[in-house]
Amino acid sequence: MTRLSEMMEKQPRLLSSKLFQRHRQFEVVLNRSVLAWKEIERSRQRSSGISSESETAHSHAIQVCEIVAVRKSEEDDQDDTKTGGQKKAKQRYQLYPHAFTVSYVRRTGQHQWRCSDVTFHCANQALCEEWIQVINEQLSLLASRPKSLLVYINPYGGKRRGKRIYEQKVAPLFRRASISADVIVTERANHARDHLKTEANLDKYDGVVCVGGDGMFSEILHGLVTRTQTDHGVDQNQPDAELVPCSLRIGIIPAGSTDCICFATVGTNDPVTSALHIIVGDSQPMDVCSVHHNDFFLRYSVSLLGYGFYGDVLTDSERKRWLGPARYDLSGVKTFLSHNYYEGTVSFLPAEDDMGNPRDKLQCRSGCHVCQHKPSSKDKPWETSEEKEKSDKDSSSGWSVIRGKFIAINAASMSCACPRSPKGLSPSAHLADGTTDLILVRKCSRFDFLRHLLRHTNKEDQFDHSFVEVHRVRTFRFQPRHQEPVSLEDLSETPKKKGFGPICSGQMTCNYSKAQSSWTCDGEILPHAAIQASVQCQLIRLFARGIEEQQQQQ
Ligand SMILES: Nc1ncnc2c1ncn2[C@@H]1O[C@H](COP(=O)(O)OP(=O)(O)OP(=O)(O)O)[C@@H](O)[C@H]1O
Ligand SMILES: CCCCCCCCCCCCC/C=C/[C@@H](O)[C@H](CO)NC(=O)CCCCC
Ligand SMILES: [Ca+2]
């Protein structure tokens with residue numbers, strides 16, 4: 001075949017026909033990117049504004065890349081049967097028995113997507129089949145759409161609804177879009193991680209789907225990243241190893257307690273919306289922070305690495321798992337009343353000035369320009385180990401060092417927006433810029449800390465306090481003031497928290513503090529307080545597109 005004929009072969013065919021919908025006739029046009037239909041009678045007086053999906057009184061347009069599927073219609077696919085017009089539908093069905101139904105993405109508000117159907121009646125069978133074939137040809141050209149997925153369901157996450165959510169809301173959509181799915185319902189913690197690490201035949205799949213919460217996502221993340229490094233002979237224990245990005249994308253069907261990763265990448269925690277982002281083959285790169293203790297790999301983080309307040313909340317909440325999502329509220333209040341602070345030294349390498357800063361109010365949204373500026377190796381002096389060694393010894397090479405007493409040290413690699421805090425811990429953090437926002441909350445009164453916390457739930461700036469500072473960084477280290485114990489037991493056990501601290505009143509600060517807190521790493525407790533963390537730019541990709549700027553409601 002010549003190149004020209006090969007190219008012609010790949011060109012989608014275009015169609016234009018007069019078709020019926022309800023009792024009206026429409027001019028229906030399919031071009032390379034849009035399926036549009038306009039009522040014939042009245043369309044001459046009206047102009048149609050076509051966007052992603054637009055609608056005037058009598059004209060509609062949907063993007064081909066947001067079509068879920070097309071199929072030959074059954075009698076009960078008729079729109080009117082659902083709206084009480086059974087008689088009309090029957091008549092039309094008798095008149096034009098050949099019809100096809102297009103399922104497509106419809107935006108319903110608050111970043112929520114739904115799958116809607118539109119049915120067109122054709123004058124004859126050949127025309128109907130031609131439409132189905134041409135739409136299917138166009139869909140098959142969308143190379144980023146997954147055809148085969150590996151799905152892990154945590155049946156115990158959140159309110160224990162994972163299995164039901166998948167079977168009732170997600171699987172029917174995957175079937176409609178002709179996506180095949182191998183489903184594994186996990187039988188124990190780390191089942192999904194271990195399966196991905198060693199057993200799964202990943203060549204068979206276009207992506208991995210996680211049905212569960214942030215903890216379950218973390219399992220998939222660790223399984224997939226570790227597997228990729230093993231396959232490429234990369235040693236994760238080396239803090240400055242250049243990690244290999246994962247080729248498979250991850251889809252998140254939210255079914256957990258916080259679901260912050262889903263919320264911060266889609267804008268809502270809704271299983272149907274997430275399933276549709278998977279079907280249309282969205283791709284959102286995401287930073288992953290690797291955490292080490294000396295030359296020993298601990299964990300990866302994509303959301304919150306928190307020492308002090310959040311570490312203590314998580315440690316306490318683990319003992320209350322039986323309470324479900326409410327455990328965070330209870331442990332939150334208890335930890336707040338304890339009002340502990342911790343001493344230590346934070347060192348960090350700030351991001352360059354052109355990476356923006358955590359207070360610039362530039363939120364990361366779909367197609368974010370900051371995230372598209374992926375630094376080249378010549379922009380990344382911190383990446384060579386020689387430079388790194390030099391900078392460790394030489395504070396003039398860019399490392400900043402802060403010693404102090406902290407109520408909380410938080411590193412947010414993304415906004416960490418969630419229903420509890422819709423703008424998140426760091427509202428301007430970016431999903432895929434290769435940096436994390438390091439938030440230092442120094443010792444202050446309980447009243448001031450409460451003001452700071454409350455600002456996470458309203459429009460006020462949570463960084464606008466004298467006792468809070470925030471830096472956009474590439475890498476950081478923390479050394480607690482008091483040396484930590486080094487027995488082997490401590491490697492496997494989570495640190496034990498000493499009792500409840502005395503409650504201080506009003507504006508006063510407490511003078512009680514236990515020596516060390518623990519780090520929470522995306523909801524898991526780390527066994528060491530002394531850590532170093534480095535952001536690996538765009539190590540993974542999700543089936544998401546970031547939060548869409550403007551809702552295009554239909
Ligand atoms: N079959 C299973 N039995 C017990 N635990 C499991 C199972 N499958 C997964 N897990 C573990 O359950 C933990 C919580 O899961 P998940 O994240 O889905 O729910 P969650 O309620 O949101 O919890 P979290 O708030 O900690 O993220 C995860 O850390 C995961 O390792
Ligand atoms: C008095 C009013 C105070 C209100 C304070 C609201 C502040 C909320 C900030 C929430 C930030 C969540 C960050 C998410 C981190 C997830 O990786 C992790 C795993 O699921 N969840 C938690 O750590 C769970 C963290 C739960 C924290 C309460
Ligand atoms: Ca980031």
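None of the values given here were measured: they were computed from a predicted structure.

Thresholds applied
- Residues numbered from 1 in each chain as written.
- Chains lettered and ligands numbered in written order.
- Predicted model: local features only at pLDDT ≥ 70, side-chain atom pairs only at ≥ 80, totals over all residues.
- Heavy atoms only, no water.
- Phe/Tyr/Trp six-rings, centres within 6.5 Å; stacked < 30°, edge-to-face > 60°.
- Helix = DSSP H or I, 4+ residues; strand = E, 2+ residues; numbered from the N terminus.
- Buried < 20%, exposed > 50% of the residue type's maximum accessible area, 1.4 Å probe, protein only.
- Donors = N, O, S within 2.8 Å, 3.2 Å for Na, K, Ca; no water.
- Near = heavy atom within 4 Å.
- Polar contact = N/O pair within 3.5 Å; in protein donor to acceptor, adjacent residues only side chain to side chain.
- Areas by Shrake-Rupley, 256 points an atom, 1.4 Å probe, with all protein chains shown as cover.
- Nonpolar A, V, L, I, M, F, W, Y, C, P; charged D, E, K, R; others polar.

## Section: the packing of aromatic side chains
- Counted under the stated rule, the structure contains 13 aromatic pairs.
- Between Trp37 and Phe120, the ring centres sit 5.3 Å apart and the planes meet at 80°, which makes this aromatic pair edge-to-face. Residue Trp37 is located in strand β3 (residues 34-39), and its partner Phe120 is located in strand β8 (residues 112-122); the two are separated by 83 residues in the primary sequence. For the pair Trp37 and Phe120, one class covers both residues: buried.
- Members of the aromatic cluster, connected to one another through ring pairs, are Tyr307, Tyr342, Phe476, Phe478 and Trp519.

## As for the coordination of the calcium ion (ligand 3)
- The coordination sphere of the calcium ion (ligand 3) contains the protein donors Asp287 (OD), Ser413 (O), His430 (O), Asp433 (OD) and Thr435 (O), at a distance range of 2.3 to 2.5 Å.
- Mapping the donors of the calcium ion (ligand 3) onto the primary sequence yields the spacing D-x125-S-x16-H-x2-D-x1-T.
- Classification of His430 as buried rests on a relative accessible area of 2%.
- Relative accessible area serves as the criterion here: at 0%, Asp433 is assigned to the buried category.

## Re the site of ligand 1
- Around ligand 1, the structure places 21 residues, and the nearest of them are Thr186, Glu219, Ser257, Arg321 and Tyr328.
- With respect to ligand 1, the side chain of Asn154 contributes an N or O atom lying 2.9 Å from an oxygen atom.
- The separation between an oxygen atom of ligand 1 and a polar main-chain atom of Met216 is 2.9 Å.
- Contact with the protein chains covers 87% of the free accessible surface of ligand 1, which is 620 Å².
- Of all elements in the fold, only α7 (214-231) and α11 (327-338) reach the threshold of two or more residues within the shell around ligand 1.
- Sorting elements by how many residues they give to the shell around ligand 1 places α7 first, with four residues.
- When its residues are assigned to classes, the shell around ligand 1 shows five nonpolar, nine polar and seven charged.

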